[in-house]
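Fold and contact review
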Amino acid sequence: MGVTAPAARDEAYMRRALELARHAGEAGEVPVGAVVVLNDEIIGEGWNQPIVSHDPTAHAETVALRAAAVRMKNYRLADAVLYVTLEPCAMCAGAMVHARIARVVYGAADPKTGAAGSVFNLLQSSSLNHRAQLTGGVLAAECGDMLRKFFEARR
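In what follows, the accompanying structure is described. (Residues numbered from 1 in each chain as written. Predicted model: local features only at pLDDT ≥ 70, side-chain atom pairs only at ≥ 80, totals over all residues. Heavy atoms only, no water.)

**Notes on the sheet that holds strand 3 (residues 81-86)**
Pairing within the open sheet is mixed, and its five strands lie in the order 2-1-3-4-5. Because the sheet does not close on itself, it has two edges, and the strands there are strand 2 (41-47) and strand 5 (133-135). Strand-to-strand twist in this sheet, taken as the mean axis angle between neighbours without regard to direction, amounts to 15°. (Pairing = 2+ DSSP bridges. Helix = DSSP H or I, 4+ residues; strand = E, 2+ residues; numbered from the N terminus. Axes fitted to C-alpha atoms, helices over the stretch in contact; angles between N-to-C directions.)

See below:
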């Protein structure tokens with residue numbers, strides 16, 4: 001992606017996460033997408049797939065973390081940034097802490113199960129041995145609209 005201003009970089013990676021979220025929605029999954037970036041290179045991608053994979057842990061973030069860990073041959077992803085279209089849940093935030101993700105950037109807040117500040121803030125808890133920097137609200141309207149439209153269509 002080259003060297004760009006931080007806000008522009010965040011938007012560019014969030015747009016890729018939105019593309020992955022669309023893929024999830026087309027497959028009948030809740031449309032959430034995630035990318036893991038290290039040194040301005042995508043090292044892992046994922047989209048929600050718990051239904052198709054019969055795996056309750058197959059959220060976009062965990063799929064992206066697994067791909068990144070395999071690629072790096074290390075479950076520790078220090079200095080990596082995780083971009084996700086929806087604020088992470090407690091399970092995903094816990095996985096990010098264990099992976100030592102340096103920064104988490106999310107689009108839409110999740111006022112029901114968000115664990116990056118909305119309901120809990122596991123990613124910055126002083127009770128845990130690792131804390132990540134947080135940036136929320138990147139392309140929030142687009143991320144939220146995709147989720148809203150998905151759930152409206154299902155009603």
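Now that the structure has been shown, we can carry on.
**Topic: unusual backbone geometry**
Look at Asp 40: it is not a glycine, yet its phi comes out positive at around 65°. The residue His 54 is not glycine, and still its phi comes out positive at about 55°. Looking at the secondary structure, you find His 54 in the loop between helix 2 (50-53) and helix 3 (60-72).

**Details of the pattern of salt bridges**
Tallying each qualifying case throughout the model produces eight salt bridges. For Arg 9, the salt bridge goes to Asp 40, with nearest N and O atoms at 3.5 Å. Here Asp 40 lies in the loop between strand 1 (33-38) and strand 2 and Arg 9 lies in helix 1 (residues 6-26), a separation of 31 residues in the sequence. One salt bridge connects Arg 148 with Asp 145, and the closest N-O pair in it is separated by 2.7 Å. In this pair, Arg 148 and Asp 145 both sit in helix 5 (residues 140-154), three residues apart, roughly one turn of the helix. The exposure class assigned to Arg 148 is partly exposed, which follows from its relative accessible area of 47%. Taken together, the shared-partner salt bridges in this structure form one network comprising Arg 16, Glu 19 and Glu 45. (Salt bridge = Lys/Arg side-chain N within 4 Å of Asp/Glu carboxyl O. Buried < 20%, exposed > 50% of the residue type's maximum accessible area, 1.4 Å probe, protein only.)

**Examining the packing of aromatic side chains**
Considering all chains together, one arrives at two aromatic pairs under this definition. Here the aromatic rings of Tyr 13 and Tyr 83 are separated by 5.2 Å at their centres, their planes lie at 40°, and the arrangement is tilted. Note that Tyr 13 is positioned in helix 1 and Tyr 83 in strand 3, a separation of 70 residues in sequence. Take Tyr 83: its relative accessible area is 1%, and that puts it in the buried class. Taking 5.2 Å as the distance between ring centres and 80° as the angle between the ring planes, the aromatic pair formed by Phe 150 and Phe 151 counts as edge-to-face. (Phe/Tyr/Trp six-rings, centres within 6.5 Å; stacked < 30°, edge-to-face > 60°.)

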